[in-house]
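This is what each chain is made of:
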Amino acid sequence: PAPAARRGASAAPARLAVTAKKKDVRSTITVECTEQRAMASQERTGVSRYTTQKNRRNTPDRLEVMKYNKFLRRHTLHREIKKK
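Residues numbered from 1 in each chain as written. Predicted model: local features only at pLDDT ≥ 70, side-chain atom pairs only at ≥ 80, totals over all residues. Heavy atoms only, no water.

Caption draft 1: Fine view of the overall build of the chain. The helix and strand tally for the chain stands at one helix and four strands. Along the chain, helices and strands appear, N-terminal first, in the series β-α-β-β-β. Per-residue burial over the chain gives 20% buried out of 84 residues. Expressed as a percentage of contacts within the chain between residues at least 6 apart in sequence, the contacts between residues at least 24 apart total 50%. Of the roughly 7,500 Å² of accessible surface on the chain, 50% is carried by carbon and sulfur atoms. (Helix = DSSP H or I, 4+ residues; strand = E, 2+ residues; numbered from the N terminus. Buried < 20%, exposed > 50% of the residue type's maximum accessible area, 1.4 Å probe, protein only. Contact = heavy atoms within 4.5 Å. Areas by Shrake-Rupley, 256 points an atom, 1.4 Å probe, with all protein chains shown as cover.)

Here it is as structure tokens:
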């Protein structure tokens, strides 16, 4: 077979599009349980945290979601925390 007819080969060379990187609109955030954070340190056995992504243009405020807390064994309010 001819070289162009081989599997995986293309007749035209591959072109790579080079674009300038824009500021990321989506950011990775961490949400932490508010009820567990308010408890006394003696009662706390662990910290319930989740990571997710949010669109900064659509959600400029702090994100609040109901998520499952495995330490309290129920759904609780989780609020976005600052990265350290």
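Caption draft 2: A look at the environment of glutamine 36. Mapped onto the secondary structure, glutamine 36 falls in helix α1 (residues 34-38). Judged by relative accessible area, glutamine 36 falls into the buried class, the value being 3%. Residues glutamine 36 and threonine 76 lie 40 residues apart in sequence; the distance between their C-alpha atoms is 8.8 Å. At 2.4 Å, the side chain of glutamine 36 forms a polar contact with the backbone oxygen of glycine 46. (Polar contact = N/O pair within 3.5 Å; in protein donor to acceptor, adjacent residues only side chain to side chain.)

Caption draft 3: Layout of the pattern of salt bridges. Within the structure shown, the criterion is met by five salt bridges. Close ionic contact of glutamate 35 with arginine 74 constitutes a salt bridge, the shortest N to O distance being 2.7 Å. One end of the pair, glutamate 35, is in helix α1; the other, arginine 74, is in strand β4 (residues 74-81), with 39 residues separating them in the sequence. Using a relative accessible area of 33% as the deciding quantity, one classes glutamate 35 as partly exposed. Across the pair glutamate 64 and arginine 79 runs a salt bridge, and its minimum N-O distance is 2.7 Å. Placement of the pair is glutamate 64 in strand β3 (residues 64-69) and arginine 79 in strand β4, with a sequence separation of 15 residues. Overlapping salt bridges, with partners in common, bring together Glu32, Arg37 and Arg49 in one network. (Salt bridge = Lys/Arg side-chain N within 4 Å of Asp/Glu carboxyl O.)

Caption draft 4: Looking closely at the environment of glutamate 32. Tracing the backbone shows glutamate 32 in strand β1 (residues 26-33). For glutamate 32, a relative accessible area of 5% corresponds to the buried category. Separated by 17 residues in the primary sequence, glutamate 32 and arginine 49 have C-alpha atoms spaced 4.5 Å apart. Here glutamate 32 is in contact with Arg37, Val47, Ser48, Arg49, Leu77, His78, Arg79 and Ile81, once residues within four sequence places are set aside.

Remember that the coordinates give geometry; whether it matters functionally is a separate question.
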